Each structure stands twice: as structure tokens, then as C-alpha cells.
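Take a look at the letters that make up each chain.
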Amino acid sequence: MLKKAAVIGYPVKHSLSPRLHNYWLKKYNIKGEYTAIEVPPEGLAEFISTMAANGFCGVNLTIPHKEAVMDLLDYIDDNAKKIGAVNTIVVKAGKLFGKNTDAYGFSENISSSHHLVISSSKAVVLGAGGAAKAVIFALQQLGFKEIIITNRTRARAEELVSSYQRTLVSSITIAEWNDRNNILENADLLVNTTSLGMTGKEPLDIDLSLLPKTALVTDIVYSPLITPLLAQAIERGNPTVDGLGMLLHQAVPAFEAWFGVKPEVTNELREYVLQQLS
Ligand code: ATR
């Protein structure tokens, strides 16, 4: 029987996930299909309540559904509860299980491309939106001692930090957005989780002068692949990791849960997915 999965979002037509999952389905010779389905917020409950009957083994969720879907599921795993968002649903015996694989995707992306010595490390996170939640969760799991968040809207960063209070293993502090250049001193990792630098948006306005040259700079924006932030970091000699790997790695546990094979993230896959961006 054909196994069906999909990404649902609004909008969703630019998603790279169908290209990615269909590449793996072909590679591992699995009878399945993965499509992109546009579901507006008002259609979410109906889609979710009928997905098992409609033959889906699971779905990915993207903007704006990752938080709203949490009230519509039978079970939610601990990581997704702590992050406060679900990006993957797995259907098992007719029940809907929610997971979050974004934090795993972020960690795997940086640790598979760069050797980070985490003990006593300091990370600076730009942004406090949906993507920042998974990134900060991942940084805590990786064992970062000091995490500094800065966001244009300070209240949003405060809300995010208070939602983490019970699982706190790292010190998390908030800095003013206007101070973003100064907090880079002694940092080991700089992560952009804002949408700044994405094709069609303004570039991120930041001066990296105080950032140590050994610090890793990573961006969750992958279109363009080399964002103005990464270009600036490369020019001054910092190691960098682009954002496409996070997308590729977050798909691994979802594919495995739906189709029973742990797929590999390879350079060939990266190149294949990148063709859709160009
Ligand atoms: P996502 O779920 O993809 O993280 P989001 O929740 O809309 O998307 O968050 C986008 C992030 O980019 C937020 O941190 C946002 O800052 P605000 O909380 O102040 O809105 C940040 N962002 C977007 N445009 C920005 C801009 N022009 N300057 C600074 N930050 C910006």
C-alpha cells in the first residue's frame, strides 16, 4: 500500500520538504509519496481529525500551525512539550503522536559540520520567535553554559525565557536589541533565528567586530544559502554553518518514524535540494 505523508502550512508552496522526502523515498525504494498541502488556520482542526482516515501515516507542520496543532493531538512527546511546538505528527494505530524534530535538526547540523567544545561555552541567539524556541532548547541540551537572547521586541524574549524556567540547565539572559554588537564579546556561537537576511527581507544589521574569530556563526535562514551574516563571518575568517542542514537533519527522525528507514543526509541530497532554491 502507498504510504502517504505531507507538509501542511499556509503558505506552503515554497517548501523544500517534498523534494527532500521524495528523494529518500526513491533512494530507499519505498512505496510512498510526500506532498505539500495548503491548509489555512481555519481548516487545521478538520484536516487533523481526518488525516488518519484519509490514509496519512504522518505530516510535517510549518507556519502557522506548529503551536495551534498541539490541542488537536492524542499524545505529545516531552521535547515538543518543552519546546512548545510540534513540527511532526506520526499516526500509530489511529492515534496522533506529536513530536518536535527542529531542535534535533539544529544540533545535528552544527555538530555534524563543526567541532564545538561546549563546556563553558557562551551562545548568542538573535530572535525570539518560533524558530528560536527549538534552537534554545537544543543549546541547553548541548550543554551551553551561558545563552544570551536578544530580540527586537524584548517582551517576546521574556515570554520565551519564562516558558523555559522549569527545565533550565543553562543560564539564559536577555539583552537589548540595541546592544547586539556588544554581547558578541567572548561568544563561542552566534545563531540568527530571525527572518532578517532572507531573500526579500532586509539584511541583519550587525557588526561582528567584537566576536572572537574562532566563534561559530550559523543562520537558520537558508534562502539565500550564504546570508549577508554568513558572508560577513566568512570574510573575517569565522567558521560558519548554513541553515539548509537544519532542514535536512530535522527531516530524518520524521522520515524514520513514518517509513521505517533512517535516511542519510549526504552532499548529493544537499545539492539536489539546493537546485530548487536556484
Ligand atoms: P519564526 O516562527 O520563523 O521564528 P516569527 O515567530 O515571526 O517567525 O519570528 C521572527 C523573528 O524575526 C522574531 O524574533 C522577530 O522579532 P520580533 O519578535 O521583534 O518581531 C524577528 N524580526 C523580524 N523582522 C525583524 C526586523 N526588521 N528587525 C529585527 N527583528 C526582526
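Our subject is the structure that appears above.
Residues numbered from 1 in each chain as written. Predicted model: local features only at pLDDT ≥ 70, side-chain atom pairs only at ≥ 80, totals over all residues. Heavy atoms only, no water.

Participant: Describe in detail the overall build of the protein, supporting the description with residues and values.
Facilitator: Counting its regular elements, the protein contains 9 helices and 12 strands. C-alpha extents for the protein along the principal axes are approximately 55 × 40 × 35 Å. Per-residue burial over the protein gives 50% buried out of 278 residues. Look at the contacts in the protein between residues 6 or more apart in sequence, and 70% of them connect residues 24 or more apart. For the protein, the accessible area works out to roughly 13,200 Å², and carbon and sulfur atoms hold 49% of it. Once the 26 positive and 28 negative side-chain charges of the protein are each reduced to a mean point, those two points are 5 Å apart. (Helix = DSSP H or I, 4+ residues; strand = E, 2+ residues; numbered from the N terminus. Buried < 20%, exposed > 50% of the residue type's maximum accessible area, 1.4 Å probe, protein only. Contact = heavy atoms within 4.5 Å. Areas by Shrake-Rupley, 256 points an atom, 1.4 Å probe, with all protein chains shown as cover. Lys, Arg positive; Asp, Glu negative; His and termini not counted. Charge placed at Lys NZ, Arg CZ, Asp CG, Glu CD.)

Participant: I'd like a description of the site of the ligand, backed by residues and values.
Facilitator: Around the ligand sit 14 residues, and of these Ala 131, Asn 151, Arg 152, Thr 153 and Arg 156 come closest. A distance of 3.1 Å is found between an oxygen atom of the ligand and a backbone nitrogen or oxygen belonging to Ala 128. With respect to the ligand, the side chain of Arg 156 contributes an N or O atom lying 2.7 Å from an oxygen atom. Expressed as a share of its isolated accessible area of 640 Å², the protein-covered part of the ligand is 74%. Classifying every residue of the shell around the ligand gives 4 nonpolar, 7 polar and 3 charged. (Near = heavy atom within 4 Å. Polar contact = N/O pair within 3.5 Å; in protein donor to acceptor, adjacent residues only side chain to side chain. Nonpolar A, V, L, I, M, F, W, Y, C, P; charged D, E, K, R; others polar.)

Participant: Outline the nonpolar core, listing residues and values.
Facilitator: Within the largest apolar cluster, 31 residues are counted, with the highest numbers of intra-cluster contacts made by Phe 106, Ile 136, Leu 139, Phe 144, Ile 149 and Leu 189. Sorting the residues of this core by element identifies α4 (102–113), β7 (122–126), α5 (130–142), β8 (146–150), α6 (154–163) and β10 (189–192) as the ones contributing at least two each. Here this core takes 7 residues from α5, the largest share from any one element. The residues touching Phe 106, leaving out its near neighbours within four places in the chain, are Val 135, Ala 138, Leu 139, Val 191, Thr 218 and Met 246. Within the second largest apolar cluster, 25 residues are counted, among which are Ala 5, Leu 20, Leu 244 and Leu 247. (Core = buried A, V, L, I, M, F, W, Y, C linked by side-chain atoms within 4.5 Å.)

Participant: Describe the packing of α4 against α5, with residues and values.
Facilitator: Where α4 contacts α5, the two axes come as close as 8 Å, and the packing angle between them is 60°. If you check the angle between α4 and α5, you find them oblique. At the point where α4 passes α5, the crossing takes the right-handed sense. Of the residues in α5, those touching α4 at Asp 102, Ala 103, Phe 106, Ser 107 and Ile 110 are Ala 134, Val 135, Phe 137, Ala 138, Leu 139 and Leu 142. (Axes fitted to C-alpha atoms, helices over the stretch in contact; angles between N-to-C directions. Parallel < 35°, antiparallel > 145°, perpendicular 65-115°, else oblique. Left-handed = near helix turned anticlockwise from the far one by under 90°.)

Participant: Just give me the short version of helix α1 (residues 17–27), but keep the residues and values in it.
Facilitator: Every buried residue belonging to α1 is among Ser 17, Pro 18, Leu 20, His 21, Tyr 23, Trp 24 and Leu 25, and all of these are buried. Its buried side turned inward, α1 meets β1 (3–9), β2 (32–38), β3 (56–61), α8 (244–259) and α9 (267–277). Looking one or two residues past α1, Asn 29 carries a phi angle of roughly 55°, positive in sign.

Participant: Explain the environment of Asn 178 to me, using residue names and the numbers behind them.
Facilitator: By the secondary structure assignment, Asn 178 is in the loop between β9 (171–175) and β10. Between the C-alpha atom of Asn 178 and that of Gly 32, which follows or precedes it by 146 residues, the distance is 49 Å.

Participant: Lay out the pattern of salt bridges in plain terms, naming residues and giving numbers.
Facilitator: Per the counting criterion, the structure on display carries 6 salt bridges. Linking Lys 66 and Asp 102 is a salt bridge whose minimum nitrogen-to-oxygen distance equals 2.9 Å. Highlighted residues: Lys 66 in the loop between β3 and β4 (75–76) and Asp 102 in helix α4, separated in sequence by 36 residues. With a shortest N-O distance of 3.9 Å, Asp 205 and Arg 180 are connected by a salt bridge. In this pair, Asp 205 is assigned in the loop between β10 and β11 (216–219) and Arg 180 in the loop between β9 and β10, connecting sequence segments 25 residues apart. (Salt bridge = Lys/Arg side-chain N within 4 Å of Asp/Glu carboxyl O.)

Participant: Lay out the pairing of β11 in plain terms, naming residues and giving numbers.
Facilitator: Burial along β11 is two-sided: the face carrying Leu 216 and Thr 218 and the face carrying Val 217 and Asp 219 are both buried. Both β10 and β11 contribute to a ladder of 4 bridges, which runs parallel. What sits directly across from Asn 192, in β11, is Asp 219. Relative to strand β12 (residues 240–241), β11 runs parallel, the two being bridged by 2 bridges. Bridging across to β12, Val 217 finds its partner in Thr 240. Traced from β11 through helix α7 (residues 228–235) to β12, the parallel crossover comes out right-handed. (Pairing = 2+ DSSP bridges. Right-handed = clockwise from strand over helix to strand, strands pointing away.)

Participant: Could you give an account of the side chain of Asn 238, naming the residues involved and the relevant values?
Facilitator: Tracing the sequence through the fold places Asn 238 in the loop between α7 and β12. Asn 238 gets classed as buried once you look at its relative accessible area, which sits at 5%. There is a polar contact of 2.9 Å between the side chain of Asn 238 and the backbone oxygen of Pro 212. Polar contacts involving the side chain of Asn 238 include one to the side chain of Arg 236, which spans 2.6 Å. Discounting chain neighbours no more than four positions away, the residues touching Asn 238 are Leu 211, Pro 212, Lys 213, Thr 214, Ala 215, Val 217 and Ala 233.

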